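Close look at the chain arrangement
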Amino acid sequence: MSPSVCSTPLPLPSQVPRMPNLPWELILDILSRLPATSLLRFRCVSKPWRSLIDSPDFVQMHLRQSQKAAGTTNRSLILGFLGIYSIDLDSLDCARPLRPPFSSSDVSNSCNGLVLLLGQNQTPFLWNPCTRKYKTLPDSPHEYPPPGIPVDYNALYKRYGFGYVAQDDDYKVLRVVEFRSPDSTWIGSEAKIYSLKTNSWRRVDHYPFPLPRIRGWGVHVNGAVHTVLSLDNYYQEIVAFDLRTEKHYTIPKPDLLLENVELSVDEMAGCLCLLVRKKRRINIWIMKEYHVKSSWTKLLSIAPPLIDEHCSLISPLAYSRRGDEVLLNCDDEKLVWYDLMRKTTRDVDVQGLPFRFYAEFFVGSLLPLENGCRGGGGGEDEIGITRRATRQKNTKVNDTRKKRDDFLSKGFKLVL
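Right, let's walk through the structure included here. This one's a predicted model, so the numbers in the text were calculated from it and none came from an experiment. (Residues numbered from 1 in each chain as written. Predicted model: local features only at pLDDT ≥ 70, side-chain atom pairs only at ≥ 80, totals over all residues. Heavy atoms only, no water.)

Each helix and strand in the protein chain was counted, giving five helices and 24 strands. In the protein chain, which comprises 416 residues, the proportion classed as buried is 45%. When contacts within the protein chain are restricted to residue pairs at least 6 apart in sequence, long-range pairs at least 24 apart make up 50% of them. Total accessible area on the protein chain stands at roughly 23000 Å², and carbon and sulfur atoms take up 53% of it. (Helix = DSSP H or I, 4+ residues; strand = E, 2+ residues; numbered from the N terminus. Buried < 20%, exposed > 50% of the residue type's maximum accessible area, 1.4 Å probe, protein only. Contact = heavy atoms within 4.5 Å. Areas by Shrake-Rupley, 256 points an atom, 1.4 Å probe, with all protein chains shown as cover.)

Another aspect to go through is the nonpolar core. Grouped together as the largest cluster of nonpolar side chains are 38 residues, with contacts concentrated most on Phe58, Leu126, Phe162, Tyr171 and Val173. Broken down by element, this core gets its largest block of residues, five residues, from strand β5 (residues 114-118). Structurally, this core is a two-domain feature, drawing no fewer than three residues from each of domain 1 (24-54) and domain 2 (64-363). Core analysis: the second largest hydrophobic core is formed by 18 residues, Cys271, Leu299, Ile314 and Cys330 among them. (Core = buried A, V, L, I, M, F, W, Y, C linked by side-chain atoms within 4.5 Å. Domains from an automatic or database assignment.)

Strand order in the open sheet formed by four strands is β8-β9-β10-β11, and the pairing between neighbours is antiparallel. The sheet is open, and its two borders are formed by β8 (157-165) and β11 (200-204), each paired with just one other strand. Between one strand axis and the next, the sheet turns by 25° as a mean value, whatever way the strands run. The pairing of strand β9 (residues 170-180) with strand β10 (residues 186-195) spans nine bridges and is antiparallel. Within β10, the residue paired with Arg180 across the bridge is Trp186. (Pairing = 2+ DSSP bridges. Axes fitted to C-alpha atoms, helices over the stretch in contact; angles between N-to-C directions.)

Turning our attention to the sheet that holds strand β3 (residues 96-97). One open sheet accounts for four strands, arranged β3-β2-β1-β24; its pairing is antiparallel. Each of the sheet's edge strands pairs with one partner strand only, and the pair in question is β3 and β24 (358-363). The sheet contact formed by strand β1 (residues 75-80) and strand β2 (residues 85-88) spans four bridges and is antiparallel. Following the sheet pairing, Leu77 is matched in β2 by Ile87.

Time to look at the pairing of strand β14 (residues 236-242). The element β14 is largely enclosed, with a buried count of seven among its seven residues. Pairing between strand β13 (residues 224-230) and β14: seven bridges, direction antiparallel. When the bridges of β14 are listed, Thr227 appears paired with Val239. Hairpin connection between β14 and strand β15 (residues 248-251): a loop of five residues separates the two successive antiparallel strands, and Glu246 in this loop has a positive phi of roughly 60°.

It is worth spelling out the environment of Cys111 at this point. By the element assignment, Cys111 lies in strand β4 (residues 106-111). Excluding residues that lie within four positions of it along the chain, Cys111 makes contacts with Phe162, Gly163, Tyr164, Tyr171 and His220.

On to the packing of helix α1 (residues 24-32) against helix α4 (residues 56-66). When two helices pack together, their arrangement is captured by the angle between the axes and the distance separating the axes. Interhelical geometry of α1 versus α4 gives an angle of 55° and a closest axis separation of 9 Å. Between α1 and α4, the angle is such that the two are oblique. The way α1 lies across α4 gives a crossing that is right-handed. On α4, the residues that touch Leu28, Asp29, Leu31 and Ser32 of α1 are Phe58, Met61, His62 and Gln65. For the contact of α1 with α4, the per-class residue count stands at four nonpolar, three polar and one charged. (Parallel < 35°, antiparallel > 145°, perpendicular 65-115°, else oblique. Left-handed = near helix turned anticlockwise from the far one by under 90°. Nonpolar A, V, L, I, M, F, W, Y, C, P; charged D, E, K, R; others polar.)

Structural data, given as C-alpha cells:
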C-alpha cells in the first residue's frame, strides 16, 4: 500500500471529539512542571498564555516546581573554564555549548536559574541561559586603602559570591577585593554588595580575613556565602557572610573529624556540604538542617580504587532522581555516579565533555533580569544584541552613502 494512502477515512471535523475543558488550576500545575525553554515557546500560543507565563506569580510557581528534586525536567549542569556548556542532568548524554552575551568562560555562581559570569577584565554580569536575558553590573571602583599606603595594584585579587535573600526577595552579589603590599603582606580587603533591586553597589564593613586561593569560595546556602578559612594557628573554620545582615559568623563543624585534614565546602540540594580530605580518602558530610551541628551526617567516604589514585578534588553536584546516587565531579576532568547503598562508582560518558571544566548545578527558570526580579521583561537577549548591531551597521552605511551623494551632487553638479 502506498504510504500516502490512508487505510481508513479521516473523520470529519464535526466527528472529531473535542478536548474537554480542563480546570484552570490543573492547567497551571501542568505548565509549571514544564521546562523553561518550552514555556518560552508557548508564549506564542495566545495573549492570555503569554500574560500567564510572564506573570510574577507563575514565574515563582514554576521556580518552586523546578527546585524540587523529582517531577521536573529543569535540572542541568553549567560547565565553565573552556567555554560555557550545559548538560541535562536526567540524560547526561552530551555537553551542549552555550553562547553567553559576552566572551566569558568563568562561571562564578548559579542561583535560581541566574548565573553570575565574569567577562573580560573580570566584569561581572548576570545571565539567564533559558531566557537569554542578561544584565551587566554597574562599575564600582574600589575605595580602599586610604592614600599613602603602598599597594601592589598588579596583585589585586577579587572574589565574587552570588545568592538570594528570601526576606527581601532580592538577588545580591558580594565582591571582595584584597590588597597586598609590594612585599606581598596582606593589608586588608574591601567588601561591596550589589543589589539587583536597586541596581547599585554599596560598601560594607571590610572583609576581615585574607582571601583563600581556592575556587570554592562564596558557596551560597540559606542567604549566606561560605568558605573555609585558616584562622588562629592555622585552625580551619567554616566562615559565613550573611547577605542580608552583612555580618560574619562561623558554622559548627561535625564531631569526630580527623586531625591534619584539608577542609573545603560545597553545596548540594540546598544543603551545606563539608569535604574532609585525609591523604587519599575524602569524606563528604552534609548539614541537613542549616546551622544545627547535630544535623551533620556523613554522606559518603571514598578513596582509591573507587576513584583515581591521583584524584585530589571531589565536588558533590546532585542526587539522582531516585536519591540513591550522588553525582561527583572528579578533579574537574570527569563525572562519576556514586551509589550510596552499594558504595560503588561508575563513570559517566558525556559526549562533547571538555577535557577540563568546573561544574555548577543549574535549575532552569523564567526569572527576568531587570531592577528587581518580580515581573516579566527587562534585560536584553542575544537576538536583541544582533538586531541592535544590525541597525547600527545599517545606519552607518546609510550615513556613508548620504555623504557620498552630497559630495557628488555639489562637486560635479549631478542629480542623484
